[in-house]
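Structural overview
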Amino acid sequence: MAVTDTQNPLLGETTCGTLLQKLQEIWDEVGETDEDRDKMLLQIEQECLDVYKKKVEQAAKSRAQLLEALSDAKIELARLLSALGEKSFVGMPESSGTIKEQLAAIAPALEQLWNQKDERVKEFSDVQSQIQKICGEIAGNLNINGTPAVDDSDLSLKKLEEYHAQLLELQSEKSDRLRKVLELVSSVHDLCAVLGMDFFSTVTEVHPSLNDSTGVQSKSISNDTLARLAKMVLALKEDKKQRLHKLQELASQLIDLWNLMDTPAEERKLFDHVTCNLSSSVDEVTVPGALALDLIEQAEIEVERLDQLKASRMKEIAFKKQAELEEINTRVHIEIDPEVAREKIMTLIDSGNVEPAELLANMDNQISNAKKEALSRKEILDKVEKWMSACEEESWLEDYNRDENRYNASRGAHLNLKRAEKARILVNRIPALVDTLVAKVRAWEEDRGAQFAYDGVPLLAMLDEYAMLRQEREEEKRRMRDQKKFNELQNTEQEAIFGSRPSPARPVGTKKVVGPRTNGVANGTPGRRLSLNAHQNGSRSTTKDGRRDSRESRPAAPVNYVAISKEDVTSHVSGTEPHDV
C-alpha cells in the first residue's frame, strides 16, 4: 500500500501519510523486520476496510430508511387524495431530486391534506349527527347521546353531498310531521275548548313534549305520536257529535215543553245557549264550552223540571190541543162534539189509566190525521166556496133584476150594471161547477169509503137538492112566461071588444133558488152554514167554551130552499110584470 507523506497545509491536521511515516520511524528505531512490518500494514489496511464497510452499511441503511419514509409519504398522500376524492392536488411535489429533497417537498402537501381531512371529518360528523338526531325523533327517541362514527375511507364531496341530500329529505319530512302534529294539537285544543275539557292534561296523555307548559323545546313527531293524536282527535269528534246530538234532543224537548206551557220569552232566554245549536251541524259548533258536560246536565235538569210541571198542567195542555183539533175541523167544516171530547179527556186524566205522554201523543196523532183530512178536503172546499159565491151572485142578480129603477141614472148604477154583467157570466157557470163538484165528491167518497159532510150535512145531498130546486125554478120561469103571453093575449081581446086596455095584472113572482149560504130571509142574503134542516143549525149553536157560535148568525135555509121576496108579493098584488134575468 502506497503511503503518501503529505500534509494538508490548509487544515494543519495529521493525515494517514504522516501517521504512517511516524510508524516507520518507530519501526526503524525498534528494528522491526520487513515481514512484521508487512503484517502490521496488512492489519492496518484490513481495519480501515472494516471501518469503510461499516460506514457504507450505515449509509445504505439510512438510505433505505429514507426511501421507506418517502414511500410511506407517497402512500399516505395517495390515500388522503383517494379519501378526499381528489384526483389531483395543487402543489403536488415532483418525483425528481434526491430522497431528502423529495421528502422535504412532500411534507407540506401531507400537512395540508391532513388539515383538509380533519375539516372534512368534522363536516361529516356534523351532518351525520343531524341525520341521527332527526331519525331518532322520527323513531320516537328524543334522547340520543354520542356522535356517530365517521368512515374516513370515503370523505369525498360526493359522499358529503349525499349526506346533505339525505339530511334535507329528513328535514322536509320532519317539517311535514311537525306541521301535522301542530294541526292535530290545534284540533285537540279546539275540541277540548268546545267540550269544556282541560287541554293540557288531554294532550299530555299523548306525549309530554306536546304540552308547552313543560318547557320541552322539541315536540315528538314519531309515528306513534301522530297515530295517537289522530286517534284522540277522532275520539273527541265522536264525543262532540254525541254531545251535540244529546243537546239538540234536549233543546227540542225544551222548545216543545215551552210551546205546550206557553213559557215566557224571558225564561226561554236563559237557555239560549242550549237552543242556539238546535239546527247546527257538528262543524258549525265552535263556541268554547258550548258542549260542556255541566251545560248538558243543566239542560237535563230543566227538561226534568218541565216534565214534572207538564204533568201538573196536563189538563190545560190537553184542552189546548183539543182546541187546536177543533179549530182544524171547524176550518174544514167537519162537525164534532167538543163537549163530549172534553169530558172524555177529563175522564182519562182523572182516572190515571193513561200516561200523560201517551195522551198527548194520541192527541198529536189526531191533530196530524185532522191536518191530512183537511188537506184531502181542500180542493173540494175551494170549489164549494166558489159555488157559494156564485149562488150569492145569483141571488143578488135576481134582486137586481126585480128593481124597476136599476137603469136610472142614480149614484152607483154603473157599478151595479158591471156587477150584473159579471154575475150573469158566473151564474151561467154554476151548472158546470156543480157537476164538477159532484164528480169530485163522489171520487173522494169512493176513495175514502166515507161520506163527505159539510158541517154535518152530506154535501152530495145538498148538491142534488140544489140541482132539483134549480130545475123547478126553470120550470116555474117557463110557466111565468106562458102566463104572461096568455095575459097579453087576453088583454088584446078585451081591447078589441071594449076599446080600451086594462092594466095588466102582475103575475106571481117566481121561486128563487136559495144558494147554499142563503139564510132564508126575504132578500136571499147568503149565510155560511150548509144544512138541509134548520133544526140542525141549532144543535151546534154553542162552542166549547159556552159562547155562541158565530155561525149561528148564518141560519140554514128551509128544506125547500125557496124564498118569496117582497117584490114577488107586491107584483102579485099590483099585477105588474117582473123583469127577467
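Computed from a predicted model, the values in this text were never measured in an experiment.

Here we come to the overall build of the chain. Along the chain, the regular secondary structure elements total 17 helices and four strands. Looking at the 581 residues of the chain, the share that counts as buried comes to 34%. The contacts of the chain with a sequence gap of at least 6 include a subset with a gap of at least 24, amounting to 72%. By element, 53% of the accessible surface of the chain is carried by carbon and sulfur atoms, the whole surface being about 35,500 Å².

Glancing now at a positive patch on the surface. Together, Arg478, Arg479, Arg481 and Lys485 make up a positively charged patch on the protein surface. The class of Arg478 is partly exposed, set by a relative accessible area of 43%.

This part takes up the packing of helix α1 (residues 16-30) against helix α2 (residues 34-84). Put simply, α1 and α2 touch, their axes get as near as 12 Å, and they point 155 degrees apart. The orientation of α1 relative to α2 falls into the category roughly antiparallel. Here the hand of the crossing between α1 and α2 comes out right-handed. Here α1 contributes Leu20, Leu23, Gln24, Trp27 and Asp28 to the contact with α2, which in turn contributes Arg37, Met40, Leu41 and Ile44. Per-class residue counts for the contact of α1 with α2 are six nonpolar, one polar and two charged.

Here the focus is α1. A rise of 1.5 Å per residue sets the reference length of α1, with its 15 residues, at 21 Å; its end C-alpha atoms lie 21 Å apart and thus fit the reference within 8%. Taken together, the buried positions of α1 are Gly17, Thr18, Leu20 and Trp27. Of the residues trailing α1, Gly31 is marked for its positive phi of about 95 degrees.

Interpretation of this model should avoid reading the predicted coordinates in detail wherever pLDDT is low. The predicted model of the chain has a mean per-residue pLDDT of 77, with 80% of residues at 70 or higher. Across residues 518-581 the pLDDT falls below 50, and counting only partners more than four positions away or on other chains, this stretch makes 152 contacts in the model.

Membership of the largest hydrophobic core comes to 59 residues, with the highest contact counts inside it found for Val188, Leu229 and Val274. Taken together, the elements giving at least two residues each to this core come down to α2, α3 (99-139), α4 (157-195), α5 (199-204), α6 (223-261), α9 (293-312) and α10 (314-331). When residues in this core are grouped by element, the largest group, 14 residues, is from α6. Two domains each donate at least three residues to this core, and these are domain 1 (21-119) and domain 2 (292-403 + 416-482). Sequence-distant contacts of Val274, that is, excluding residues within four places in its chain, are made with Leu247, Ala251, Leu254, Leu295 and Ala299.

Let us look at the UniProt feature "coiled-coil region" (unreviewed entry) in the chain. Residues annotated by UniProt as "coiled-coil region" (unreviewed entry) correspond here to residues 49-83. Counted over residues 49-83, helix gives 100% and strand 0%. Its end C-alpha atoms are 50 Å apart.

How each quantity is defined
- Residues numbered from 1 in each chain as written.
- Predicted model: local features only at pLDDT ≥ 70, side-chain atom pairs only at ≥ 80, totals over all residues.
- Heavy atoms only, no water.
- Helix = DSSP H or I, 4+ residues; strand = E, 2+ residues; numbered from the N terminus.
- Buried < 20%, exposed > 50% of the residue type's maximum accessible area, 1.4 Å probe, protein only.
- Contact = heavy atoms within 4.5 Å.
- Areas by Shrake-Rupley, 256 points an atom, 1.4 Å probe, with all protein chains shown as cover.
- Patch = residues over 30% accessible without salt bridge, like charges linked within 9 Å, V, L, I, M, F, W, Y side chains within 5 Å.
- Salt bridge = Lys/Arg side-chain N within 4 Å of Asp/Glu carboxyl O.
- Lys, Arg positive; Asp, Glu negative; His and termini not counted.
- Charge placed at Lys NZ, Arg CZ, Asp CG, Glu CD.
- Axes fitted to C-alpha atoms, helices over the stretch in contact; angles between N-to-C directions.
- Parallel < 35°, antiparallel > 145°, perpendicular 65-115°, else oblique.
- Left-handed = near helix turned anticlockwise from the far one by under 90°.
- Nonpolar A, V, L, I, M, F, W, Y, C, P; charged D, E, K, R; others polar.
- Expected span 1.5 Å × (residues − 1).
- pLDDT = per-residue confidence, 0-100.
- Core = buried A, V, L, I, M, F, W, Y, C linked by side-chain atoms within 4.5 Å.
- Domains from an automatic or database assignment.
- UniProt positions renumbered as here; feature names shortened; annotations may be inferred.

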